[in-house]
Amino acid sequence: LAKFHEVQEMLVSNWGHECDVRPLREYRSIELFAGGGGLALGLEKAGFTPVALNEFDHDACDTLRKNRPNWNVIEGDVSKIDFSQFEDIDFVSGGFPCQAFSYAGNRFGFEDTRGTLFFEFARVIREVRPKVFLGENVRGLLTHDEGRTIETIKRVIKELGYALVEPRVLKAIFYRVPQKRERLALVGIRNDLARHLADFKWPAPAQRVY
């Protein structure tokens, strides 16, 4: 098994040390397309304090409120919500759906994403100017529409004034999550902070699969 790259990473993993890292201060975040809170709970463990979570589905919102009564859950259509009311936001996250991207690449940049929920994700980034954002999606986004979709997304991120870490597919099973779930992670760092891009490291895998 040690011949496999993923196993090699597990054998030399820094997982334990990374789990012991604690935030130097409170980091304020906004989450879009929050669902029942799977991503939000992980970010909470990482030290983020959500100032707002937006979700359209009523039952999912009820789940969020039940599990975290102190969270500010904003129920409703993301396109109808003004996020500029939130200041000093460190982090914006969200798993934006991409079903409407079939025409991506026909034009260029921000205009290409109108009519998709990635446009709303990008709009919120433009409104609140977080230091860092995390977009999460299915791994198929890398090859969607023969790669034109991801290239459009990259152009939009550049237009917004963010440097994009090279996207990576992360497998939940290697991070002590009992699911065979693969998700593409898009991490963007605001240009005035992009000198820290070289210091960015993807999380180390756990040393065993549970």
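What counts, and at which threshold
- Residues numbered from 1 in each chain as written.
- Predicted model: local features only at pLDDT ≥ 70, side-chain atom pairs only at ≥ 80, totals over all residues.
- Heavy atoms only, no water.
- Helix = DSSP H or I, 4+ residues; strand = E, 2+ residues; numbered from the N terminus.
- Buried < 20%, exposed > 50% of the residue type's maximum accessible area, 1.4 Å probe, protein only.
- Contact = heavy atoms within 4.5 Å.
- Salt bridge = Lys/Arg side-chain N within 4 Å of Asp/Glu carboxyl O.
- Phe/Tyr/Trp six-rings, centres within 6.5 Å; stacked < 30°, edge-to-face > 60°.
- Lys NZ or Arg CZ within 6 Å of the ring centre and 35° of its normal.

Enquirer: Just checking my understanding: could you explain the side chain of Asn54 for this structure?
Expert: Secondary-structure assignment places Asn54 in strand S2 (residues 48-55). Judged by its relative accessible area of 2%, Asn54 falls in the buried class. Setting aside its immediate chain neighbours within four residues, Asn54 contacts Glu31, Leu32, Phe33, Ala34, Ile74, Gly76, Val78, Ile81 and Phe83.

Enquirer: Where do I start with the pattern of salt bridges in this structure?
Expert: Any two side chains of opposite charge can pair, given that their charged atoms come close. Inspection of every chain in the model, using the stated rule, returns 15 salt bridges. The partner of Glu136 in a salt bridge is Arg183, with the nearest N and O atoms 2.9 Å apart. Of this pair, Glu136 sits in strand S5 (residues 132-138) while Arg183 sits in strand S8 (residues 182-190), and the two are 47 residues apart along the sequence. Here Arg183 falls in the partly exposed class, since its relative accessible area comes to 25%.

Enquirer: Explain the environment of Ile125 to me, please; I cannot follow it from the model alone.
Expert: When you line up the elements, Ile125 lands in helix H5 (residues 117-128). Remark: the alpha-carbon pair of Ile125 and Ala46, spanning 79 residues in sequence, is separated by 21 Å. Among residues more than four places away in sequence, those in contact with Ile125 are Val92, Pro130, Phe133, Leu160 and Tyr162.

Enquirer: Explain the packing of aromatic side chains to me, please; I cannot follow it from the model alone.
Expert: The geometry of two aromatic rings is summed up by the distance between their centres and the angle between their planes. Summed over the entire model, instances satisfying the criterion amount to ten aromatic pairs. With a centroid separation of 6.4 Å and an interplanar angle of 40 degrees, the aromatic rings of Trp15 and Tyr175 are classed as tilted. In this pair, Trp15 sits in helix H2 (residues 15-20) while Tyr175 sits in the loop between strand S7 (168-171) and S8, placing the two residues 160 residues apart along the sequence. Judged by its relative accessible area of 15%, Trp15 falls in the buried class. Ring geometry for Phe83 versus Phe86: centroids 6.3 Å apart, planes at 40 degrees, classification tilted. For the pair formed by Phe83 and Phe86, the shared burial category is buried. Through successive ring pairs, a cluster of aromatic residues spans Phe96, Phe118, Phe121, Phe133 and Tyr162. A cation over a ring is seen here: Arg68 above Trp71, with NZ or CZ 5.7 Å from the ring centre.

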